[in-house]
Amino acid sequence: MQTFVSAGAPDKGSANINSHPETQVPPELSVWLVRVADERDKQAFTRLFQFFAPKIKRFGIKQLGNEAQAHELVQETMSNVWRKAHLYDGDKGAATTWVYTVMRNAAFDMLRRVKSKAEMNLGDDIWPIEQVQSEEALPEFADHLMEKQMLAYVDSLPEAQRAVVKGVYYQELSQEQLAQQFGVPIGTIKSRLRLALAKLKQQMGDQQHD
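Residues numbered from 1 in each chain as written. Predicted model: local features only at pLDDT ≥ 70, side-chain atom pairs only at ≥ 80, totals over all residues. Heavy atoms only, no water.

J.: I'd like to hear about the pattern of salt bridges, residue by residue, with values.
T.: Inspection of every chain in the model, using the stated rule, returns three salt bridges. A salt bridge links Glu67 to Lys57, with the shortest nitrogen-to-oxygen separation between them at 3.0 Å. Of the two residues, Glu67 is situated in helix 4 (residues 67-84) and Lys57 in helix 3 (residues 42-64); the sequence distance between them amounts to 10 residues. Of the charged contacts in the structure, one is a salt bridge between Asp155 and Lys166, with a shortest N-O distance of 2.8 Å. Remark: Lys166 occurs in helix 8 (residues 159-170) and Asp155 occurs in helix 7 (residues 148-155); sequence separation between them is 11 residues. On the basis of relative accessibility, which here comes to 41%, the residue Asp155 falls in the partly exposed class. (Salt bridge = Lys/Arg side-chain N within 4 Å of Asp/Glu carboxyl O. Helix = DSSP H or I, 4+ residues; strand = E, 2+ residues; numbered from the N terminus. Buried < 20%, exposed > 50% of the residue type's maximum accessible area, 1.4 Å probe, protein only.)

Here you go:
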């Protein structure tokens with residue numbers, strides 16, 4: 001994502017911004033947006049940035065909870081304004097309405113990414129793993145993993161658990177290596193392994209009782 005900063009010495013256009021109280025909307029906003037769209041006018045964009053950035057940052061702090069993410073929202077929003085200015089239609093609404101819609105969409109996308117990442121990092125850690133026997137208590141699997149029936153049991157596991165079992169026991173990868181490979185916390189790898197081994201032990205027990 002391109003990073004924009006408001007820089008440069010004030011000119012006649014920027015003086016117009018400074019002459020407006022923050023609560024007052026400069027009438028030139030629509031003109032600046034059109035100039036960005038039609039001419040890729042960087043001075044016009046700087047004026048838009050100077051007007052909107054403080055407001056977007058305050059919105060970001062309120063909605064996202066911290067200044068770093070609020071700053072990211074400013075950059076994301078204004079990057080989108082720069083790229084999508086040609087979509088603005090002054091006949092359909094005010095420039096402020098259009099920019100704030102871009103801002104809300106960017107904030108929504110950021111919140112969705114944060115939620116998705118949190119859910120991915122939780123992974124199988126949401127399960128009550130303290131009720132599952134640990135891998136240290138299941139050494140008997142080492143002697144049976146190459147048996148044809150055991151391979152069938154492993155292949156019947158959920159994909160995430162199957163990948164961990166095969167990584168640890170067949171590829172001889174460490175849990176740290178698997179965590180890095182799959183992009184998840186090591187706690188997720190541990191809980192997937194515990195759940196998988198518990199299921200395998202149950203399947204072995206069911207076969208013995210048949």
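Having seen the structure, we can now continue with the description.
J.: Please provide a residue-by-residue account of the packing of aromatic side chains, values included.
T.: In total, this model carries five aromatic pairs according to the counting rule given. Centre to centre, the rings of Phe45 and Phe49 are 6.3 Å apart; their planes meet at 55°, and the pair counts as tilted. Here the residue Phe45 and the residue Phe49 both occupy positions in helix 3, the gap between them amounting to four residues, near one helical turn. The burial state of Phe45 is the same as that of Phe49; both residues are buried. Here the aromatic cluster, defined as three or more aromatic residues joined through ring pairs, consists of Phe45, Phe49 and Trp82. Across from the ring centre of Trp82, 4.3 Å away, lies the NZ or CZ of Arg40, which sits over that ring. Above the face of the Phe51 ring, Lys55 is positioned so that its terminal group lies 3.9 Å from the ring centre. (Phe/Tyr/Trp six-rings, centres within 6.5 Å; stacked < 30°, edge-to-face > 60°. Lys NZ or Arg CZ within 6 Å of the ring centre and 35° of its normal.)

J.: Run through the packing of helix 3 against helix 4, naming residues and quoting values.
T.: Contact geometry for helix 3 and helix 4: axes closest at 8 Å, N-to-C directions at 140°. As helix 3 runs across helix 4, the sense of the crossing is right-handed. The residues of helix 4 that touch helix 3, namely those facing Lys42, Phe45, Leu48, Phe49, Phe52, Ala53, Ile56, Lys57, Phe59, Gly60, Ile61 and Leu64, are Glu67, Gln69, Ala70, Leu73, Val74, Gln75, Thr77, Met78 and Trp82. Partitioning the contact of helix 3 with helix 4 into residue classes produces 14 nonpolar, four polar and three charged. (Axes fitted to C-alpha atoms, helices over the stretch in contact; angles between N-to-C directions. Left-handed = near helix turned anticlockwise from the far one by under 90°. Contact = heavy atoms within 4.5 Å. Nonpolar A, V, L, I, M, F, W, Y, C, P; charged D, E, K, R; others polar.)

J.: I'd love a proper account of the environment of His86, names of residues and values included.
T.: Relative to the helices and strands, His86 resides in the loop between helix 4 and helix 5 (95-122). Counting along the chain gives 52 residues from His86 to Val34, while the straight-line C-alpha distance between them is 7.3 Å. A distance of 3.3 Å separates a polar side-chain atom of His86 from the backbone oxygen of Arg83. (Polar contact = N/O pair within 3.5 Å; in protein donor to acceptor, adjacent residues only side chain to side chain.)

J.: Can you lay out helix 4 for me, pointing to particular residues and giving the numbers?
T.: Taking 1.5 Å per residue as the helical rise, helix 4 with its 18 residues ought to reach 26 Å, and the 25 Å between its terminal C-alpha atoms agrees with that figure. Capping the start of helix 4 is the job of one residue whose side-chain oxygen sits 3.2 Å from the backbone nitrogen of Ala68: Asn66. (Expected span 1.5 Å × (residues − 1).)

J.: Which residues make up the nonpolar core, and what are the values?
T.: Counting 28 residues, the largest nonpolar core has Leu33, Leu48, Phe52, Leu73 and Met78 as its most contacted members. The leading source of residues in this core is helix 3, at nine residues. Excluding anything up to four places from it in sequence, Leu48 contacts Leu29, Trp32, Leu33, Val36 and Met78. Counting 16 residues, the second-largest nonpolar core is a separate cluster that includes Val164, Leu193, Ala196 and Met204. (Core = buried A, V, L, I, M, F, W, Y, C linked by side-chain atoms within 4.5 Å.)

J.: How would you summarise helix 9 (residues 175-182) if you had to cite specific residues and measurements?
T.: The set of residues buried in helix 9 consists of Gln175, Leu178 and Ala179. Viewed end-on, helix 9 has its buried residues packed into an arc of 100°, placing them on one side of the element. Away from its buried face, by an angle of more than 90 degrees, helix 9 presents the exposed residues Glu176, Gln180 and Gln181. Downstream of helix 9 by one or two residues, Gly183 has phi in the positive range, about 70°. (Arc of directions from axis to C-beta.)

J.: I'd like a description of the packing of helix 2 (residues 29-39) against helix 3, backed by residues and values.
T.: One way to put it is that helix 2 packs onto helix 3 with a least axis distance of 8 Å and a crossing angle of 135°. Here helix 3 runs oblique to helix 2, going by the angle between their axes. Classified by chirality, the crossing of helix 3 by helix 2 is left-handed. Across from Leu29, Trp32, Leu33, Arg35 and Val36 in helix 2, the residues of helix 3 making contact are Ala44, Phe45, Arg47, Leu48, Phe51 and Phe52. Tallied by class, residues from the contact of helix 2 with helix 3 come to nine nonpolar, no polar and two charged. (Parallel < 35°, antiparallel > 145°, perpendicular 65-115°, else oblique.)

Function cannot be inferred from these measures alone, as they are strictly geometric.
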